[in-house]
Amino acid sequence: MITGSQKPINEIIKLVEPYKKVLILGCGTCVKTCFAGGEDEVAVLASALRLSFKQMAKSIDIEELTIERQCENEFIQEASPGIARNEAILSLACGAGVQAMAKRFAKEVVLPGVNTTFIGIQESPGIFTEECSGCGNCSLAIFGGVCPVTRCAKKLLNGPCGGSQNGVCEIDPDTPCAWHLIIERLTTLGQLDNLKTYIPPKNWNTSLSGGPRKLIREDHII
Amino acid sequence: MKPLSRLHEKLSQGKFAITGECGPPRGSNKDVIDNKITLLNGFVDAVNVTDNQTAIVRMSSIAAAAHVVAAGLEPVMQMVVRDRNRIAIQSDIMGAYSLGIKNILCLSGDHQKFGSQPDAMNVFDIDSVNLIRTVRDMRNTGKDMSGFDLDVAPQMFIGAAANPFADPFDYRVIRLAKKIDAGADFIQTQCIYNMDRFKEWIRRANDEGLTEKVYILGGVTPLRSAGMARYMNKKVAGMDVPDEIIKRMDGVDKQYQADEGIKICLETIETLKELTGVHGVHIMAIEWEAVVEQLVTQAGLK
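Procedures and definitions
Residues numbered from 1 in each chain as written. Chains lettered and ligands numbered in written order. Predicted model: local features only at pLDDT ≥ 70, side-chain atom pairs only at ≥ 80, totals over all residues. Heavy atoms only, no water. Helix = DSSP H or I, 4+ residues; strand = E, 2+ residues; numbered from the N terminus. Rg over C-alpha atoms; globule rule 2.2 N^0.38 Å. Buried < 20%, exposed > 50% of the residue type's maximum accessible area, 1.4 Å probe, protein only. Contact = heavy atoms within 4.5 Å. Areas by Shrake-Rupley, 256 points an atom, 1.4 Å probe, with all protein chains shown as cover. Lys, Arg positive; Asp, Glu negative; His and termini not counted. Charge placed at Lys NZ, Arg CZ, Asp CG, Glu CD. Buried area = accessible area lost by both parts, 1.4 Å probe. Salt bridge = Lys/Arg side-chain N within 4 Å of Asp/Glu carboxyl O. Polar contact = N/O pair within 3.5 Å; in protein donor to acceptor, adjacent residues only side chain to side chain. Domains from an automatic or database assignment. Pairing = 2+ DSSP bridges. Axes fitted to C-alpha atoms, helices over the stretch in contact; angles between N-to-C directions. Arc of directions from axis to C-beta. Phe/Tyr/Trp six-rings, centres within 6.5 Å; stacked < 30°, edge-to-face > 60°. Lys NZ or Arg CZ within 6 Å of the ring centre and 35° of its normal.

## Topic: the overall build of chain A
Looking only at helices and strands, chain A features 8 helices and 7 strands. The C-alpha atoms of chain A give 22 Å as radius of gyration, which overshoots the globular expectation for 222 residues (17 Å, by more than 25%). In terms of principal-axis extent, the alpha carbons of chain A reach across some 65 × 45 × 25 Å. Out of the 222 residues in chain A, the part that is buried amounts to 40%. Across chain A, contacts joining residues at least 24 apart in sequence account for 59% of those joining residues at least 6 apart. In the structure as shown, chain A presents an accessible area of about 12100 Å², 55% of it carried by carbon and sulfur atoms. One finds the centroid of the 22 positive side-chain charges in chain A at a distance of 5 Å from the centroid of its 24 negative side-chain charges.

## Things to note about the interface of chain B and chain A
Note: interface size is frequently given as the accessible area lost on complex formation between the parts. With 31 residues of chain B at the contact, the number on the chain A side is 28 residues. Summing the contributions of chain B and of chain A, the shared interface buries around 2400 Å²; its carbon and sulfur component is 52%. Between chain B and chain A we count 0 salt bridges in total. Summed over the shared surface of chain B and chain A, the result is 24 residue pairs in polar contact (both at pLDDT 80 or more). Of all the secondary-structure elements, those providing two or more residues to the side of chain B that touches chain A are α5 (128-141) and α6 (169-182) of chain B. Sorting elements by how many residues they give to the side of chain B that touches chain A places α6(B) first, with 5 residues.

## A look at the domain arrangement of chain A
The domain boundaries assigned to chain A delineate domain 1 (2-118) and domain 2 (136-209). Taken over C-alpha atoms, the centre of domain 1 of chain A sits 37 Å from the centre of domain 2 of chain A.

## Let's talk about the environment of B:Ser60
Summarising the element assignment, B:Ser60 is placed in the loop between β2 (46-49) and α3 (61-70). For the pair formed by B:Ser60 and B:Gly27, sequence separation is 33 residues and the distance between their alpha carbons is 9.7 Å.

## Let's talk about the sheet that holds strand β1 (residues 2-6) of chain A
All names here are of chain A. Strand order in the open sheet formed by 3 strands is β1-β6-β7, and the pairing between neighbours is antiparallel. Both edges of this open sheet fall to β1 and β7 (127-132), since each of them pairs with a single strand only. This sheet shows a mean twist of 70° between the axes of neighbouring strands, independent of strand direction. Where β1 lies against strand β6 (residues 114-124), 5 bridges are found, and the strand directions are antiparallel. In the strand pairing of β6, Gln-6 is matched with Val-114.

## Some thoughts on helix α9 (residues 243-250) of chain B
Residue and element names in this part refer to chain B. Every buried residue of α9 is accounted for by Ile-245, Ile-246 and Met-249. The buried residues of α9 occupy an angular sector of 100° when the element is viewed end-on, so they sit on one face. For α9, exposure combined with an orientation more than 90 degrees from the buried face picks out Asp-243, Glu-244 and Lys-247. Along its buried surface, α9 packs onto α8 (226-235) and α10 (257-274).

## Brief notes about the environment of B:Met77
All names here are of chain B. In this structure, Met-77 sits in strand β3 (residues 75-80). The exposure class of Met-77 is buried, given its relative accessible area of 0%. Measuring from C-alpha to C-alpha, the distance between Met-77 and His-8 comes to 14 Å, with 69 residues separating the pair along the chain.

## As for the pattern of salt bridges
Residues and elements named next belong to chain B. For the structure on display, the rule yields 30 salt bridges over all chains. With a shortest N-O distance of 3.2 Å, Lys-10 and Asp-45 are connected by a salt bridge. Placement of the pair is Lys-10 in helix α1 (residues 6-12) and Asp-45 in the loop between α2 (30-40) and β2, with a sequence separation of 35 residues. A residue is classified by how much of its surface remains accessible, and Asp-45, at 18% relative accessible area, is buried. Between Asp-92 and Arg-84 there is a salt bridge; the shortest N-O distance is 2.7 Å. Classification of Asp-92 as partly exposed rests on a relative accessible area of 23%.

## Looking at unusual backbone geometry
Note the cis peptide between B:Asp167 and B:Pro168, where omega equals -10°. Structurally, the position occupied by B:Pro168 is in the loop between β5 (157-162) and α6. One non-glycine residue, A:Lys155, lies in positive phi territory at about 50°. Within the element layout of this structure, A:Lys155 appears in the loop between α7 (148-151) and α8 (178-189). Phi at B:Ala55 takes a positive value of approximately 60°, unusual for a residue other than glycine.

## A word on the sheet that holds strand β4 (residues 88-91) of chain A
Residues and elements named next belong to chain A. Read from one edge to the other, the open sheet built from 4 strands follows the order β3-β2-β4-β5, with strand pairing classed as parallel. With partners counted over all chains shown, the strands left at the sheet margins are β3 (61-67) and β5 (109-112), one partner each. Pairs of neighbouring strands in the sheet enclose a mean axial angle of 25°, with direction left out of account. When strand β2 (residues 21-27) meets β3, the two strands line up parallel, connected through 7 bridges. Pairing of Lys-21 across the sheet is with Asp-61, part of β3. On top of the sheet, helix α3 (residues 39-55) reaches β2, β3 and β4; it is set at about 175° to β3, its chief contact. Across the sheet, helix α6 (residues 95-104) touches β2, β4 and β5, and the angle it forms with β5 is around 175°.

## What about the packing of aromatic side chains?
Counted according to the given criterion, the structure contains 5 aromatic pairs over all chains. Geometrically, the ring pair formed by A:Phe143 and A:Trp179 is edge-to-face, given 5.7 Å between the ring centres and 85° between the ring planes. With A:Phe143 in the loop between β7 and α7 and A:Trp179 in helix α8, this residue pair connects regions lying 36 residues apart in the sequence. Like A:Trp179, A:Phe143 is buried. Seen from their ring centres, B:Phe157 and B:Phe186 are 4.9 Å apart, and the 25° between their planes marks the pair as stacked. One end of the pair, B:Phe157, is in strand β5; the other, B:Phe186, is in strand β6 (residues 186-191), and 29 residues separate them in sequence. Residue class for B:Phe186 comes out buried when judged on its relative accessible area of 0%. One Lys or Arg, A:Lys155, reaches over the ring of A:Trp204 and ends 5.9 Å from the middle of that ring. Sitting over the ring of A:Trp204, A:Lys202 keeps its end group 5.5 Å from the ring centre.

Right, dumping it as structure tokens:
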């Protein structure tokens, strides 16, 4: 999933302050799962904002709505009437959702309420970890299912650096060394020989280095 | 192969080589380098010039290494892949060689999180193994990474780092082999304080025939105080200072701790001289260049 975390309330207050009527728009898929922008978070944020503005003796009308996904036109449509009634949309979707809304409603103000963080998983309740950087050329097969491009702080492809000790990355004692995990996994799988394989320089053209990417499915173009 | 540098020549003659270290200044003062070189010249075969070590911004290793050349000593220019993509890497290698820099040490580089500007974006376009390979391929094929023929290809003596004290230990010899396959001519190791572990690493490297394919220079850093020993053990990535070394430093009155550090360092060098598969010593007397003369002389290397 795409993970994110809600922006600090003070930053959100500054974003919505210039407007009298604001629609807080939740997104019911990824950011709901990571507790940043689903229906519950929309409700809590709306209450917090109402209270804050009341304390500042300022008036603001806040409307709440959560749609299934802000990144798909099919669902975005549901938000049309609410958007028409308000001066600004505070989107609690990821960056893709915010931009999809801005594309669809070209004349409306769309504000981000969430900091999009990464493509990851919920490793244990409340703990989300980054697993994939969408490099466009997956090599997980040789690395035993652990991605060094994403999970090694130096994106090393030919083994761990000299800073790996006791299974921990040099940057932070709470970050496991990806190469330690790779070696553990390959040992379990009996594929430790993979490590001797020389990995040539990565082609980053399929990543963001090649510019904003586009995925074209000819068979689905109407 | 004709020796590519004086360091290469010394090692190829089977002589025990000594390299030192010169950290460039945090600014543009060339005198800092000249002063360090004055202290090292005559006592080392070559001097490593660090590349923004611990990710603290300093004078570039290329410029500083060029000053070392001008001062009459041979530099080992360190290059990290943290700050340059492959375009800048190849360009800098060509430029460095044109300035008379003949040795290079290929490194990943400390993560910028440790440095003075942790907000920086890192690069890591290629890793250190591929940096080694890039220098080797430019030298041996006369082409850049795209296959373009270079008019004069840099002919550098290629070094790499090895850390026998990092984990997973079993993988460290595989990693060494990988660096040798990529084209490393010599290896400088992380500072040795845990001699048992170093001996085990070199034994495995000997068993696999790796020490016949590459020159190994054991890294040493004289300790100045017990506090430094503790700091290095805790705060410096990939460092292993065993308790007995810390205790030994602690057991000496503060004013004599530096002498004890020198003594430990001399004992380490003595052991390294006798170890099969070790071809020299790399003395990293960080901001303590004056001690190198004493170490080299007392170790009987001069």
